[in-house]
Amino acid sequence: MPIINRVADLHDQMIEWRHDIHAHPELAFEEQRTSDIVARELESFGIEVHRGLAKTGVVGVLKTGDGPSIGLRADMDALPIHENNQFDHRSLHEGKMHACGHDGHTSMLLGAAKYLAETRRFKGTVNFIFQPAEEGEGGARVMIEEGLFEKFPCQSVYGVHNMPGKDTGSFSLRPGPLMAAYDTFQVTVRGRGTHAAMPHHGIDPIVVASHMVTALQSITSRNLNPIESAVVSVTQFHGGSTNNVIPDRVFLEGTTRCFKPEIREWMEPAMRRIIDGVAQAFGAEIEFDYLYRYPPTINHPAETSIAAKIAAEVAGESRVDTDTDPVMGGEDFAFMLEKVPGCYLFIGNGAGEGVCMVHNPDYDFNDEILPVGATYFSRLVESVLPT
Ligand code: NI
């Protein structure tokens, strides 16, 4: 695997950053310490540092002559999970954990920044974007709303995520949708509470909500063209407090996922039709809130070809899957790809026995792929911003 020699020399340094950040995980918009480390290191490389976008966001600007501009993005936030691991760099913050590898993404981008600041074998401007709150809170959206791309114009933007279950250091990507739109909904079903032995005096919201949960499954099985894909999952169902009382309300919550903007727009009215219809059939009342959270992550074809070419240089053509299956998870790099053409891809975190998925208390980022990601980012800059 042709890792850039100087980047390989930085491996121990990247591991040191990664373990330090791993041991001190911080949740969405609270990444103060992580943000301080990123800013301090970028400054020490001689990179111009801008702070304060989306509270803890950091942008490093490295300019060498006149030329195109590129954005490279890493996420910095951790998850509210209690870590099971016992290794030395385990979380010191009770109930918080880097269980998605954002500690690794931050460290590999710092490694690339150090290499590029030293070597400067490019002509143009590199914007190193370290964003807060990728996990559900839309840190990328907030940075964009606060002027990210006006203050730091980028002609293209690139991001990576580690992927357990894929070979260490392999690359997976595809043009078009790679990750799904992530939206959420809440339904309050109001019936009329009564004695459980005399249900005819009330309107049972548990029966009504049960019909709703079942009927909502027909959106994907009966309303959606079978060659398309979407998910409707009800993930919370709360109601009642004892065995002889029919409660007066039930609360439902859940999420929808799909890849195409037109299906995304169609989803809310399809759900509303069923929820309204079922409530009316049983004489119940409802409150229905539908929240549009993350758009689908849609890769742009030209930038995806560039990314695939660089990935093949780094990992070898046989270890780059350019037509990987899309993933139903959400990713807020999607907001950046709505504004600026670019590509998001996966770097394999390791496959085989003992593989642990992200968002799991036993997960850890694979340090072996730090130089892979840093080399990918560095070669991308040298290729897109030629001297
Ligand atoms: Ni993640």
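Residues numbered from 1 in each chain as written. Predicted model: local features only at pLDDT ≥ 70, side-chain atom pairs only at ≥ 80, totals over all residues. Heavy atoms only, no water.

Trainee: I tried to follow the sheet that holds strand β10 (residues 230-239) on my own but got confused; where do I start?
Mentor: The strands making up a sheet are joined through hydrogen bonds of the backbone, oriented either antiparallel or parallel. Read from one edge of the open sheet, 4 strands run β10-β12-β8-β13, paired in antiparallel fashion. A single partner strand is all that each edge strand has here, and the edge strands are β10 and β13 (285-294). Along the sheet, successive strands turn relative to each other by an average axial angle of 15°, direction set aside. Relative to β13, strand β8 (residues 181-190) is paired through 9 bridges, and the arrangement is antiparallel. Looking at β13, one finds that arginine 190 is bridged to glutamate 285. Lying on the sheet, helix α7 (residues 205-223) is in contact with β8, β10, β12 (249-258) and β13; it crosses β10 at an angle near 170°. The strands touched by helix α8 (residues 261-282) within the sheet are β8, β10, β12 and β13, with β13 carrying the most contacts at an inclination of about 165°. (Pairing = 2+ DSSP bridges. Helix = DSSP H or I, 4+ residues; strand = E, 2+ residues; numbered from the N terminus. Axes fitted to C-alpha atoms, helices over the stretch in contact; angles between N-to-C directions. Contact = heavy atoms within 4.5 Å.)

Trainee: Which parts of the structure should I look at to understand the domain arrangement of the protein?
Mentor: For an interface, size is often stated in terms of accessible area lost upon the parts coming together. With domains assigned, the protein is organised as domain 1 (5-179 + 296-384) and domain 2 (184-294). Computed from C-alpha coordinates alone, the two centres of domain 1 and domain 2 are separated by 37 Å. Taken together, the contact pairs 19 residues of domain 1 with 10 residues of domain 2. Of the roughly 1000 Å² buried where domain 1 meets domain 2, counting both sides, 68% is carbon and sulfur surface. Our count for the contact surface shared by domain 1 and domain 2 stands at 0 salt bridges. (Domains from an automatic or database assignment. Buried area = accessible area lost by both parts, 1.4 Å probe. Salt bridge = Lys/Arg side-chain N within 4 Å of Asp/Glu carboxyl O.)

Trainee: Just checking my understanding: could you explain the coordination of the nickel ion for this structure?
Mentor: Angles at a metal have ideal values that depend on geometry: 109.5 degrees with four tetrahedral donors, 90 or 180 degrees with six octahedral donors. At 2.1 to 2.3 Å from the nickel ion lie its protein donor atoms, namely Cys100 (SG), His102 (NE2) and His161 (NE2). Between consecutive donors of the nickel ion, the numbers of intervening residues give the motif C-x1-H-x58-H. Looking at histidine 102, the relative accessible area reads 0%, which means it is buried. (Donors = N, O, S within 2.8 Å, 3.2 Å for Na, K, Ca; no water. Buried < 20%, exposed > 50% of the residue type's maximum accessible area, 1.4 Å probe, protein only.)

Trainee: Explain the packing of aromatic side chains to me, please; I cannot follow it from the model alone.
Mentor: Given two aromatic rings, their pairing is described by the distance between the two centres and the angle made by the two planes. Scanning all chains against the criterion turns up 9 aromatic pairs. Seen in terms of ring centroids, tyrosine 182 and tyrosine 294 are 5.4 Å apart; in terms of plane orientation they differ by 90°. Their pairing is edge-to-face. Here tyrosine 182 is found in strand β8, whereas its partner tyrosine 294 is found in strand β13, with 112 residues between them in sequence. According to the relative accessible area criterion, tyrosine 294 is buried, its value standing at 2%. (Phe/Tyr/Trp six-rings, centres within 6.5 Å; stacked < 30°, edge-to-face > 60°.)

Trainee: What is the right way to read the nonpolar core from this model?
Mentor: In globular proteins that are soluble, nonpolar side chains generally tend to be buried together. The biggest cluster of nonpolar side chains holds 63 residues, and the ones touching the most others in it are Leu42, Leu72, Phe128, Phe130, Phe171 and Tyr376. With 27 residues, the next largest nonpolar core counts Val208, Val250, Cys258 and Ile275 among its residues. (Core = buried A, V, L, I, M, F, W, Y, C linked by side-chain atoms within 4.5 Å.)

Trainee: What is the right way to look at helix α4 (residues 102-119) in this model?
Mentor: Residues three or four positions apart in an α-helix share a direction because the helix packs 3.6 residues into each turn. The end-to-end C-alpha separation of α4 is 26 Å, in line with the 26 Å expected for 18 residues at 1.5 Å each. Directly beyond the C-terminal end of α4, a positive phi value near 45° is found at arginine 120. (Expected span 1.5 Å × (residues − 1).)

Trainee: Help me understand the packing of helix α2 (residues 11-23) against helix α3 (residues 32-44) in this model?
Mentor: The geometry of a pair of packed helices is captured by two quantities: the angle between their axes and the separation between those axes. Packing of α2 against α3 brings their axes to within 10 Å, and their N-to-C directions diverge by 160°. The pairing of α2 with α3 is recorded here as roughly antiparallel in orientation. The chirality of how α2 crosses α3 is right-handed. Contacts from Trp17, Asp20 and Ile21 of α2 reach α3 at Arg33, Thr34, Ile37 and Glu41. (Parallel < 35°, antiparallel > 145°, perpendicular 65-115°, else oblique. Left-handed = near helix turned anticlockwise from the far one by under 90°.)

Trainee: How should α3 be read in this particular structure?
Mentor: Over its 13 residues, α3 runs 18 Å from end to end, which matches the ideal 18 Å to within 8%, given 1.5 Å per residue. Looking only at α3, the buried set comprises Thr34, Ser35, Ile37, Val38, Ala39, Glu41 and Leu42. Of the surrounding elements, those touching the buried residues of α3 are α2, β1 (48-51), β2 (58-64), α4 and β4 (124-131).

Trainee: I keep staring at the sheet that holds strand β16 (residues 342-350) and nothing clicks. Help me out?
Mentor: Within the open sheet, the 8 strands sit side by side as β1-β2-β4-β3-β5-β16-β6-β15. Their pairing is mixed. Of all strands in the sheet, those bounded by a partner on one side alone are β1 and β15 (320-321). Against the sheet, helix α9 (residues 301-315) makes contact with β5 (156-164), β6 (171-172), β15 and β16, and its axis sits at roughly 30° relative to β16, the strand it touches most.

Trainee: Is there a simple way to think about the side chain of asparagine 85 in this case?
Mentor: Among the secondary structure elements, asparagine 85 is positioned in the loop between β3 (69-75) and α4. Among the residues examined, asparagine 85 registers a relative accessible area of 12% and is labelled buried. Engagement of the side chain of asparagine 85 in a polar contact is seen with the side chain of glutamate 83, the distance being 2.9 Å. At 2.9 Å, the side chain of asparagine 85 forms a polar contact with the backbone oxygen of tyrosine 363. Not counting residues up to four positions away in its chain, the partners in contact with asparagine 85 are Arg90, Met97, Pro361, Asp362 and Tyr363. (Polar contact = N/O pair within 3.5 Å; in protein donor to acceptor, adjacent residues only side chain to side chain.)

Trainee: Any chance you could explain the pattern of salt bridges here in plain terms?
Mentor: Pairing is possible between side chains that carry opposite charge, provided their charged atoms lie close to one another. Counting across every chain of the model gives 19 salt bridges. In this structure, the salt-bridge partner of arginine 73 is aspartate 75, at a minimum N-O distance of 3.7 Å. For the pair formed by arginine 73 and aspartate 75, the shared burial category is buried. Salt bridges sharing common partners tie together Arg18, Asp103, Asp364 and Asp367.

Trainee: How should I be thinking about the environment of arginine 264 in this particular structure?
Mentor: Of note, arginine 264 is situated in helix α8. Given a relative accessible area of 14%, arginine 264 falls into the buried group. Residues arginine 264 and alanine 230, 34 residues apart in the sequence, show an inter-C-alpha distance of 8.9 Å. Excluding its chain neighbours within four sequence positions, the residues that come into contact with arginine 264 are Ala181, Asp183, Cys258, Tyr292, Arg293, Tyr294, Pro295 and Pro296.

Trainee: Hey, could you run me through the state of the cysteines in this one?
Mentor: Two cysteines whose sulfur atoms are joined by a covalent bond form what is called a disulfide. On inspection of all chains with the given rule, the structure shows 0 disulfides. With no disulfide of its own, cysteine 343 lies closest to cysteine 154 among cysteine sulfurs, the gap being 15 Å. Between cysteine 356, a cysteine without a disulfide, and cysteine 100, which holds the nearest cysteine sulfur, the sulfur-to-sulfur distance is 11 Å. (Disulfide = S-S within 2.5 Å.)

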